[in-house]
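Geometric and topological summary
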Amino acid sequence: VQLEESGGGLVQAGGSLRVSCAASGGHFGSFSMAWFRQAPGKDREFVAAITWSGDNQFYADSVKGRFIISKDNSKNTLYLQMNNLKPEDTAVYSCAASLRRSTWVQDDYPYWGQGTQVTVSS
């Protein structure tokens, strides 16, 4: 499966942004999906994950209550709605897919997009 992110950009602190991840080449409805991010000089970290059906989601503590992950199997697209953004949310956001159960472990995801840059100004 191929994954392509879009929707990144520059936003002021307190603002909102939605990034998307379009999938092709596989049965999207079978995949558990996740978002990870990597800030400059830091390791890539887990942000949010969603089950193949979209019925269950879980989040890193740092984004809980501010970010919402969703999955539209009819459009083969994964979303991450980011609200009340903070400068520390600045990072490259990448989506990932797995045919196994959704986890927060990046090594569990064999399929990755290239990432989209999100920059939050103070």
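This text follows the structure it describes.
My aim in this report is to walk through the structure given alongside it, one point at a time.

Rules used in this analysis
- The numbering scheme is per chain: residues are counted from 1 as the chain's sequence reads.
- Per-residue local features of the predicted model are confined to residues with pLDDT of at least 70, and side-chain atom pairs are confined, for both listing and counting, to 80 or more; whole-chain, interface and lining totals are unaffected and use all residues.
- Only hydrogens and water are set aside when side-chain values are computed; all heavy atoms of the structure are taken into account.
- The secondary structure listing takes helices from DSSP runs of H or I that are at least 4 residues long and strands from runs of E that are at least 2 residues long, numbered from the N terminus.
- The rule is simple: take the accessible area with a 1.4 Å probe, protein chains only, and divide by the maximum for that residue type; under 20% is buried, over 50% is exposed, in between is partly exposed.
- Throughout, a residue-residue contact means that at least one pair of heavy atoms, one from each residue, lies within 4.5 Å.
- Using the Shrake-Rupley algorithm and a 1.4 Å probe, accessible areas are obtained, with residue cover drawn only from the displayed protein chains.
- Under the counting rule used here, the positive set is Lys and Arg, the negative set is Asp and Glu, and His together with the chain ends is not counted.
- Lysine's charge is taken at NZ, arginine's at CZ, aspartate's at CG and glutamate's at CD.
- Any two of the Phe, Tyr and Trp rings considered here, Trp counted by its six-membered ring, make a pair once their centres fall within 6.5 Å; the pair's planes then place it as stacked at under 30 degrees, edge-to-face at over 60, or tilted in between.
- Here a strand pair is declared whenever DSSP counts at least two bridges between the two strands.
- Fitted lines through C-alpha atoms serve as axes, helices being fitted only where they are in contact, and the angles separating the N-to-C directions of these axes extend from 0 to 180 degrees.

1. Description of the overall build of the protein chain
Of the regular secondary structure elements, the protein chain holds zero helices and eleven strands. Element order for the protein chain, N to C, with α for helix and β for strand: β-β-β-β-β-β-β-β-β-β-β. Counting every position in the protein chain, which comprises 122 residues, the buried fraction comes to 45%. Considering only contacts in the protein chain between residues 6 or more positions apart, those separated by 24 or more positions represent 57%. For the protein chain, the accessible area works out to roughly 6400 Å², and carbon and sulfur atoms hold 46% of it. Of the charged side chains in the protein chain, 11 are positive and 11 negative, and the gap between their average positions amounts to 3 Å.

2. Brief notes about the packing of aromatic side chains
All chains considered together, the criterion is met by six aromatic pairs. Geometrically, the ring pair formed by phenylalanine 31 and tyrosine 111 is edge-to-face, given 5.8 Å between the ring centres and 85 degrees between the ring planes. Taken together, the residues phenylalanine 31 in the loop between β3 (17–24) and β4 (32–38) and tyrosine 111 in strand β10 (residues 111–112) connect sequence positions 80 residues apart. With a relative accessible area of 5%, phenylalanine 31 lands in the buried category. Overall, the relative accessible area of 29% leaves tyrosine 111 in the partly exposed class.

3. A short note on unusual backbone geometry
Even without being a glycine, asparagine 76 presents a positive backbone phi close to 55 degrees. Within the secondary structure, asparagine 76 sits in the loop between β7 (67–72) and β8 (77–82).

4. Details of the sheet that holds β8
Read from one edge of the open sheet, four strands run β1-β3-β8-β7, paired in antiparallel fashion. In the strand order of this sheet, the two ends are held by β1 (2–6) and β7, each with one partner. For this sheet the average axis-to-axis angle between neighbouring strands, irrespective of direction, equals 15 degrees.

5. Considering the environment of leucine 3
Within the fold, leucine 3 resides in strand β1. On a C-alpha basis, the gap between leucine 3 and lysine 71 in space is 13 Å, while along the polypeptide they are 68 residues apart. Once residues within four sequence positions are removed from consideration, leucine 3 is found in contact with Cys21, Ala22, Ala23, Met33, Cys95, Ala96, Ala97, Tyr111, Trp112, Gly113 and Gln114.

6. Structural notes on the pairing of β4
By the criterion of burial, β4 is predominantly enclosed, with six of the seven residues buried. Relative to strand β9 (residues 91–98), β4 runs antiparallel, the two sharing seven bridges. Each residue of the ladder has a partner; that of methionine 33, found in β9, is alanine 97. Across five bridges, β4 lies against strand β5 (residues 45–50) in antiparallel orientation.

7. Notes on the environment of valine 1
In this fold, valine 1 is placed in the segment before β1. Since its relative accessible area comes to 22%, valine 1 is described here as partly exposed. It is 28 Å that separates the C-alpha atoms of valine 1 and threonine 119, two residues lying 118 residues apart in sequence. Setting aside residues up to four positions removed in sequence, valine 1 forms contacts with Ala23, Ser24, Gly25, Gly26, Phe31 and Tyr111.

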